[in-house]
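Residue-level structural notes
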Amino acid sequence: MDGTQRTIKLRRREQYWRRYWSLYAMLSLPLVYFFIFRYIPMTYIQIAFKNYSIVRSPWEMPWAGNYGFEYFIKAFANRDFLNALRNTLMLNLLDLVMGFPAPIILALILNELPYKRFKRVTQTIAYMPHFLSWVIIAGMALQLLAPTSGLINIWLQKMGIQPIPFLNQPGHWVGTYVVLGIWQSVGWNTIIYLAAITSINPELYEAAAIDGAGRLRRIWHVTLPGIRSTIIVLLILSLGRILGSDFDRPFALRNPLVKDVSDVISIFVYNYGVRGLQFSLTTAVGLFQSVVSVSFLLLADKLAKKFGERGIV
């Protein structure tokens, strides 16, 4: 490279930084945020492999037994953890199987509505529950579904039907838990699919109509292929949360009668970590949960790419 080319390259680099330095300056703020509040706290992951001491830094704590895996072994020997692991997988799988298609179906129905004002009102009503906390939703569920004083069971008794223990019997509680989760999130997730539908070229619908395709065939051959990439991305993200667990939802809806099915990993961590001060044990559980979730995410992404989709990684 001669001197002229080097000068041209340096001038182009200087022009590039003069044009885009403000963008890099704005990007530096979120990068600093993630470094301080996301990556530096990760150093405390090593608590899972060490005997926790409040007076020592994580680097000075002594290693736990069994080559540092003592608390992982203790977790898998703990009956409460195995019960929480089973419940977390069961509830998340039910959420995935029953809750994932719900916003897609609602978006397809709303997209076919001819009256735009009715569509907007329905959409607004559907996503409003997303802004309610689970404490409020649990209170509403108690008022409506309580076995003796709940409004729905009072109506059932007046019609000569036996009350249904929605919140007091494990099987019914699981169904109520899943249905309330769908009700709370379906409208909000529908917005994503409706936004994806608006990006579909209207000429495809016109061409399908000219070819004689009815409404269902247009949905099947135009709308669903048009939002397929959005569906795949959200499915991959959902699979990545298959072992994750919210705390608010099961904690607000649970009661002693359904303890066997309502105790999930987040509640186990709360009981043993916050209340029991067993930080090494609960950090090991959290690390296991994260590793499994990332593994599911990467596996789902790889499968999506194998079938010709873009994936997210």
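Right above here is the structure, for reference.
We now turn to the structure provided with this report. Counting of residues starts from 1 at the beginning of each chain's written sequence and follows it residue by residue. Selection of residues for local features in this predicted model requires a pLDDT of at least 70, selection of side-chain atom pairs for listing and counting requires 80 or more, and totals for whole chains, interfaces and linings are taken over all residues. Values reported for side chains reflect all heavy atoms of the structure, with hydrogen atoms and water molecules removed beforehand.

Points about the overall build of the protein chain
- Of regular secondary structure, the protein chain possesses 15 helices and zero strands.
- Taken over C-alpha atoms, the radius of gyration is set against a globule rule of 2.2 Å times the number of residues to the power 0.38. Relative to a compact globule of 313 residues, whose C-alpha radius of gyration would be 20 Å, the protein chain shows 26 Å and is clearly more extended.
- Based on the C-alpha atoms only, the size of the protein chain along its principal axes is roughly 95 × 75 × 35 Å.
- Looking at the protein chain alone, contacts between residues at least 24 apart form 62% of all its contacts between residues at least 6 apart.
- In these tables, accessible area is a Shrake-Rupley quantity obtained with a 1.4 Å probe, and a residue counts as shielded only by the protein chains included in the view. When the accessible surface of the protein chain is totalled, it reaches about 20,400 Å², and 66% of it is carbon and sulfur. Numbering of helices and strands runs from the N terminus; a helix is a DSSP stretch of H or I covering at least four residues, while a strand is a stretch of E covering at least two. Here, residues are in contact when the closest pair of their heavy atoms is within 4.5 Å.

Structural notes on the side chain of Asp263
- Tracing the backbone shows Asp263 in the loop between helix H13 (259-262) and helix H14 (265-275).
- Classification of residues uses two cut-offs on accessible area relative to the type maximum, computed with a 1.4 Å probe and protein chains only: under 20% is buried, over 50% is exposed, and between them is partly exposed. Since its relative accessible area comes to 9%, Asp263 is described here as buried.
- We define a polar contact as two N or O atoms separated by no more than 3.5 Å, with the added condition that, inside protein, one atom must be a possible hydrogen donor and the other a possible acceptor, whereas residues neighbouring each other in sequence contribute only through side-chain atom pairs. Polar contacts involving the side chain of Asp263 include one to the side chain of Arg254, which spans 2.6 Å.
- Once residues within four sequence positions are removed from consideration, Asp263 is found in contact with Asn83, Ala84, Asn87 and Arg254.

Some details on H14
- Buried within H14 are the following residues: Ile265, Ser266, Ile267, Phe268, Tyr272 and Gly273.
- Looking at the buried residues of H14, the elements they touch are helix H3 (79-99), helix H12 (248-253), H13 and helix H15 (279-306).
- One or two steps after H14, the chain reaches Leu277, where phi turns positive at roughly 60°.

Section: the packing of aromatic side chains
- Only Phe, Tyr and Trp rings are paired, with Trp represented by its six-membered ring, and only when their centres lie within 6.5 Å; those with planes under 30 degrees apart are stacked, over 60 edge-to-face, the remainder tilted. Applying the stated criterion across every chain, the model contains 22 aromatic pairs.
- Centre to centre, the rings of Phe76 and Phe288 are 5.1 Å apart; their planes meet at 85°, and the pair counts as edge-to-face. Of this pair, Phe76 sits in helix H2 (residues 70-76) while Phe288 sits in helix H15, placing them 212 residues apart in sequence.
- Using a relative accessible area of 37% as the deciding quantity, one classes Phe76 as partly exposed.
- Note on Phe251 and Tyr270: the rings are 5.7 Å apart at their centroids and 75° apart in plane angle, and the pair reads as edge-to-face. Remark: Tyr270 occurs in helix H14 and Phe251 occurs in helix H12; sequence separation between them is 19 residues.
- When its relative accessible area of 27% is taken as the criterion, Tyr270 is described as partly exposed.
- Members of the aromatic cluster, joined through ring pairs, are Phe76, Phe81, Phe268, Tyr272 and Phe288.
- To sit over a ring, a charge needs its Lys NZ or Arg CZ within 6 Å of the ring centre and within 35 degrees of the ring normal. For Arg249, the ring lying beneath its charged end belongs to Tyr177, and the centroid distance is 3.8 Å.

Things to note about the nonpolar core
- Formed by 37 residues in total, the largest nonpolar core has its most connected members in Phe100, Ile104, Tyr193, Ile227 and Phe268.
- Other than its neighbours up to four places away in sequence, Tyr193 contacts Phe100, Pro103, Ile104, Ala107, Ile227, Thr230, Ile231 and Leu234.
- By convention a nonpolar core is built from buried Ala, Val, Leu, Ile, Met, Phe, Trp, Tyr and Cys residues, the set being connected through side-chain atoms within 4.5 Å. In this structure, Trp134, Leu145, Leu167 and Val174 belong to the second largest nonpolar core, which totals 21 residues.

Regarding unusual backbone geometry
- In the Ramachandran plot, Tyr67 falls in the positive-phi region, its phi being about 60° despite a non-glycine side chain.
- Along the polypeptide, Tyr67 turns up in the loop between helix H1 (3-39) and H2.
- For Tyr67, a relative accessible area of 84% corresponds to the exposed category.
- Its identity as a non-glycine residue notwithstanding, Leu277 has a phi of 60°, on the positive side.
- Tracing the chain through its elements places Leu277 in the loop between H14 and H15.

Considerations on the packing of helix H4 (residues 101-112) against helix H8 (residues 170-198)
- Working convention: axes come from line fits to C-alpha atoms, limited for helices to the stretch in contact. Angles between N-to-C directions cover 0 to 180 degrees. H8 packs onto H4 with a crossing angle of 55° between their chain directions and a minimal axis gap of 7 Å. One element, H4, and the other, H8, form an angle in the oblique class. By crossing handedness, the relation of H4 to H8 is classed as right-handed. Only Ile182, Val186, Asn189, Thr190, Tyr193, Leu194 and Ile197 of H8 make contact with H4, whose side of the interface consists of Ala102, Pro103, Ile104, Leu106, Ala107, Leu108, Leu110 and Asn111.
- Classification convention: Asp, Glu, Lys, Arg as charged; Ala, Val, Leu, Ile, Met, Phe, Trp, Tyr, Cys, Pro as nonpolar; all other residues, Gly among them, as polar. Residues of the contact of H4 with H8, tallied by class, amount to twelve nonpolar, three polar and no charged. Roughly parallel means an angle under 35 degrees; roughly antiparallel, over 145; roughly perpendicular, 65 to 115; everything else is oblique. Handedness of a crossing follows from how the near helix is turned relative to the far one, being left-handed for an anticlockwise turn of less than a right angle and right-handed for a clockwise one.

Side note on the side chain of Lys50
- Within the element layout of this structure, Lys50 appears in the loop between H1 and H2.
- Of note is the side chain of Lys50, whose polar atom sits 2.8 Å from the backbone oxygen of Pro58.
- Once you skip the residues sitting within four places of it in the chain, Lys50 turns out to touch Pro58, Trp59, Met61, Pro62, Trp63, Ala64, Tyr71 and Ser280.

Re the pattern of salt bridges
- Counted as salt bridges are all cases of a side-chain nitrogen of Lys or Arg within 4 Å of a carboxyl oxygen of Asp or Glu. Tallied over the full model, the rule gives seven salt bridges.
- For the salt bridge of Arg18 with Glu14, the shortest nitrogen-to-oxygen distance reads 2.9 Å. One end of the pair is Arg18 and the other is Glu14, both in helix H1 and four residues apart, which spans about a single turn.
- What makes Arg18 exposed here is its relative accessible area of 61%.
- Take Glu14: its relative accessible area is 44%, and that puts it in the partly exposed class.

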